[in-house]
Amino acid sequence: MKHTLIRWMLVALLAVGLAGVAACGSDDSSKSGGGSSSAAKKKIRVAMVTDIGGLNDRSFNALAYKGLQQAKSKLGADIRVLTSKSNADYVPNLSSLARQKYDLVVAVGFLMADATAKVAKSFPSADFAIIDYSQSALKGKPKNVHGLLFKEQEPGYLAGYMAGLYVKQKGGKQVVSSVGGQKIPPVDHYIAGYEAGAKKANPSVKTVHAYSQDFVDQAKCKEIALNQIGEGSQVVFQVAGQCGLGALDAAKEKGVQGIGVDADQSYLGPQILTSALKKVDVAVFDTVKDVQAGRFQAGTDTTFETKNNGVGFGRVNAKGQPFKAQVLQVQKQIANGKVANIPDTVK
């Protein structure tokens, strides 16, 4: 009996030992896997400076911030945003973030080009990305800046094509219009594409455009849009950030169609025929991914266009549904090169 008891005690001890070894093996495997994951997802710090449109523009800056938030949730990045109230804030804001040694500082918008070039020169060890401006076009061509560019004329063309088809079917005055903010290349790309698309779909259409010289004051854009509607415009395309929300409000007030910009602005009401999409959020998120993976290439540009799904058009309302299939077909033709040489300059 005694020998039997000892034998069972030895068996029990051996079982416990084996279980301990198995447990240790499991922990090592888990730690090893975790270590590899951590290495693959290096902890990075990314910051952004808005232009004067601010985060409440519901389009351009808001989209850039959305991309930054995705970098936080999906990549574990530490993020920070500085809002610019005026052009004078650009250099101080960019410089402040550069001094804090963020892995990447994103300048949001064409208006920040001079400030970005200046700060990049002053902080050569910092990496920057600028939206809507080519690195090679920056003063001094700083080698620590990456440009994020978009072919805005392509989503503009798609929006214009739908607008042209809509007024052709509806009848009445064959007029569509656009309200731009400041007359800068990204704005003009949209408007030029919009006019070309509308006239391709409807050669009889007349296009009207004007600029508010403002990206913030909604009253200015609303007044311009009301004037255009008074001239017979049945579709108003806003290309003016937060200011442009006033143009879309005018469309709603007067019972005509509006077209959103950058983000899908269909949530603003049933008057939104569609939106010309510019996937700034995707551009920011992809760039942060490249930084984290060690693929970031300063001194170069990345262009987002139809063929790489960097631009497009948004939700289509009831008035636009009869034309959605045609516009999708045009989108495919742009992607495969059958529709090319879309103008990007307003005459």
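Notes on the structure in this doc start here. (Residues numbered from 1 in each chain as written. Predicted model: local features only at pLDDT ≥ 70, side-chain atom pairs only at ≥ 80, totals over all residues. Heavy atoms only, no water.)

A look at the packing of aromatic side chains
Then, number 1: Tallied over the entire structure, the rule returns 5 aromatic pairs.
Then, number 2: On the basis of an interplanar angle of 45° and a centroid distance of 5.0 Å, the ring pair of F110 and Y133 is categorised as tilted. Of this pair, F110 sits in the loop between β3 (104–107) and α4 (113–122) while Y133 is found in the loop between β4 (128–131) and β5 (145–150), placing the two residues 23 residues apart along the sequence.
Then, number 3: Classification of Y133 by relative accessible area gives buried; the value is 17%.
Then, number 4: With centroids separated by 5.9 Å and ring planes inclined at 85°, the aromatic side chains of Y190 and F237 adopt a geometry described as edge-to-face. Residue Y190 is found in helix α6 (residues 185–201), and its partner F237 is found in strand β8 (residues 235–239); the two are separated by 47 residues along the sequence.
Then, number 5: Residue classification places Y190 among the buried positions, given a relative accessible area of 3%.
Then, number 6: We classify F237 as buried; its relative accessible area is 0%. (Phe/Tyr/Trp six-rings, centres within 6.5 Å; stacked < 30°, edge-to-face > 60°. Helix = DSSP H or I, 4+ residues; strand = E, 2+ residues; numbered from the N terminus. Buried < 20%, exposed > 50% of the residue type's maximum accessible area, 1.4 Å probe, protein only.)

Description of the pattern of salt bridges
Then, number 1: For the structure shown, the criterion picks out 12 salt bridges.
Then, number 2: K222 is paired through a salt bridge with D249; the nearest N and O atoms lie 2.9 Å apart. Of this pair, K222 sits in helix α7 (residues 218–230) while D249 sits in helix α8 (residues 241–254), and the two are 27 residues apart along the sequence.
Then, number 3: Note that D286 and K289 form a salt bridge whose closest N and O atoms lie 4.0 Å from each other. Placement of both D286 and K289 in helix α9 (residues 280–293) is noted, with a separation of 3 residues, approximately one turn of the helix.
Then, number 4: A relative accessible area of 28% means that D286 is categorised as partly exposed.
Then, number 5: Several salt bridges converge on common partners, so that one network encompasses D132, E152 and K278. (Salt bridge = Lys/Arg side-chain N within 4 Å of Asp/Glu carboxyl O.)

A word on the sheet that holds strand β2 (residues 78–82)
Then, number 1: Ordered by their spatial adjacency, 6 strands build an open sheet running β2-β1-β3-β4-β5-β11, and the pairing between neighbours is parallel. Every interior strand has two partners, whereas the edge strands, β2 and β11 (301–304), have only one. Going from strand to strand, the sheet's axes swing by 20° on average, the running direction of each strand aside.
Then, number 2: Packed onto the sheet, helix α2 (residues 60–75) meets β1 (45–49), β2 and β4 and runs at close to 160° relative to β2.
Then, number 3: Across the sheet, α9 lies against β1, β3, β4, β5 and β11, angled at about 150° from β5, the strand it touches most. (Pairing = 2+ DSSP bridges. Axes fitted to C-alpha atoms, helices over the stretch in contact; angles between N-to-C directions. Contact = heavy atoms within 4.5 Å.)

Some remarks on the nonpolar core
Then, number 1: Counting residues in each nonpolar core, the largest one holds 37 residues, and the members touching the most others are V176, Y194, V235, F237 and I259.
Then, number 2: Of all the elements in the fold, those that place two or more residues in this core are α5 (153–170), α6, β8, β9 (257–262), β10 (272–278) and α10 (321–335).
Then, number 3: Of all the elements, α5 adds the most residues to this core, at 9 residues.
Then, number 4: The contacts of I259, once residues within four sequence positions are left out, are A159, A163, Y194, V235, V236, F237, Q238, L248, L273, T274, S275 and A276.
Then, number 5: Membership of the second largest hydrophobic core comes to 27 residues, among which are L63, I131, F150 and V284. (Core = buried A, V, L, I, M, F, W, Y, C linked by side-chain atoms within 4.5 Å.)

Brief notes about the packing of α2 against α9
Then, number 1: Between α2 and α9, whose axes approach to 7 Å, the crossing angle comes to 40°. α2 and α9 meet at a crossing whose hand is right-handed. Only V280, D281, V284, F285, V288, K289 and Q292 of α9 make contact with α2, whose side of the interface consists of F60, L63, A64, K66, G67, L68, Q70, A71, K74 and L75.
Then, number 2: Within the contact of α2 with α9, the residues separate by chemical class into 10 nonpolar, 3 polar and 4 charged. (Left-handed = near helix turned anticlockwise from the far one by under 90°. Nonpolar A, V, L, I, M, F, W, Y, C, P; charged D, E, K, R; others polar.)

Nothing here speaks to function; it is geometry throughout.
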